[in-house]
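Read off the chains here:
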Amino acid sequence: MARLTSEFWVSAWLRQAALDGLVAVLRRRGAAEAGAIFVKLDRLDGSAALYGPAPQALAADDGVRRFQLLLDADPLAIEDRVDKERRFDGDLWFVEIENRAGDPRLDLAEG
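Scoring rules and cut-offs
- Residues numbered from 1 in each chain as written.
- Predicted model: local features only at pLDDT ≥ 70, side-chain atom pairs only at ≥ 80, totals over all residues.
- Heavy atoms only, no water.
- Phe/Tyr/Trp six-rings, centres within 6.5 Å; stacked < 30°, edge-to-face > 60°.
- Helix = DSSP H or I, 4+ residues; strand = E, 2+ residues; numbered from the N terminus.
- Buried < 20%, exposed > 50% of the residue type's maximum accessible area, 1.4 Å probe, protein only.
- Pairing = 2+ DSSP bridges.
- Axes fitted to C-alpha atoms, helices over the stretch in contact; angles between N-to-C directions.
- Contact = heavy atoms within 4.5 Å.
- Salt bridge = Lys/Arg side-chain N within 4 Å of Asp/Glu carboxyl O.
- Polar contact = N/O pair within 3.5 Å; in protein donor to acceptor, adjacent residues only side chain to side chain.

### Digging into the packing of aromatic side chains
Inference 1: Applying the stated criterion across every chain, the model contains two aromatic pairs.
Inference 2: The interplanar angle of 15 degrees and the centroid separation of 6.0 Å between the aromatic rings of Trp 9 and Trp 13 together place this pair among those described as stacked. Of this pair, Trp 9 and Trp 13 are both found in helix H1 (residues 6-19), four residues apart, which corresponds to roughly one turn of the helix.
Inference 3: Residue classification places Trp 9 among the buried positions, given a relative accessible area of 15%.
Inference 4: Residue Trp 13 is classed as buried on the basis of its relative accessible area of 8%.
Inference 5: Put simply, the rings of Trp 9, Trp 13 and Phe 67 pair up and form one aromatic cluster.

Here it is as structure tokens:
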């Protein structure tokens, strides 16, 4: 099954977060068709988490984008990690959500 383009997925995710009353912003626009998406979760308590694409081995064949936790640390460490990812992949998308409950609003891979 085909997946939604990165651009469409990010747009829908941002809109749903806004409808849910959460602050979510596009920090970096990537390749419209298939750029990797990274999500920073800011818990607003001095801690943050970074989620990135799940490996294909953990992804189901249902067309749903799945993510995995890459780093749980302070916000500056997350920013450093994203800078490293960006140097490796200039086409990546970077979005950020603020949620005190700690829910990134993502489909997470099990594994």
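### Structural notes on the sheet that holds strand S4 (residues 67-73)
Inference 1: Within the open sheet, the five strands sit side by side as S1-S5-S2-S3-S4. Their pairing is mixed. The strands lining the two open edges of the sheet, one partner per strand, are strand S1 (23-28) and S4. Going across the sheet, the axis of each strand differs from the next one's by a mean of 20 degrees, ignoring polarity.
Inference 2: Note: strand S3 (residues 48-53) against S4, six bridges, orientation antiparallel. Bridge pairing in S4 links Ala 48 to Ala 73.
Inference 3: Together, S1, strand S2 (37-42), S4 and strand S5 (93-98) form the strand contacts of H1, whose direction differs from that of S5 by roughly 10 degrees.
Inference 4: On the sheet, helix H2 (residues 75-88) packs against S1, S2, S3, S4 and S5 and is oriented at approximately 130 degrees with respect to S4.

### Here we look at the side chain of Glu 79
Inference 1: Among the structural elements, Glu 79 can be located in helix H2.
Inference 2: If near-sequence neighbours (up to four positions away) are discounted, Glu 79 is found in contact with Arg 27, Lys 40, Phe 94 and Glu 96.

### Comments concerning the pattern of salt bridges
Inference 1: For the structure shown, the criterion picks out ten salt bridges.
Inference 2: Between Glu 96 and Lys 40 there is a salt bridge, and its shortest N-O distance comes to 3.8 Å. In this pair, Glu 96 is assigned in strand S5 and Lys 40 in strand S2, connecting sequence segments 56 residues apart. Just as Glu 96 is buried, Lys 40 falls in that class too.
Inference 3: Across the pair Asp 83 and Arg 86 runs a salt bridge whose closest N-O atoms are separated by 3.4 Å. With Asp 83 and Arg 86 both in helix H2 and three residues apart, the pair spans about one turn of that helix.
Inference 4: Where salt bridges share partners, they join Arg 27, Lys 40, Glu 79 and Glu 96 into one cluster.

### With respect to the environment of Lys 40
Inference 1: Owing to a relative accessible area of 5%, Lys 40 belongs among the buried residues under this scheme.
Inference 2: Counting along the chain gives twelve residues from Lys 40 to Gly 52, while the straight-line C-alpha distance between them is 9.0 Å.
Inference 3: If we ignore the near neighbours within four places in the chain, the residues touching Lys 40 are Arg 27, Ala 48, Ala 49, Leu 50, Pro 75, Ile 78, Glu 79, Phe 94, Val 95, Glu 96 and Ile 97.
Inference 4: Here the side chain of Lys 40 touches Glu 79 through a polar contact of 2.8 Å, side chain to side chain.

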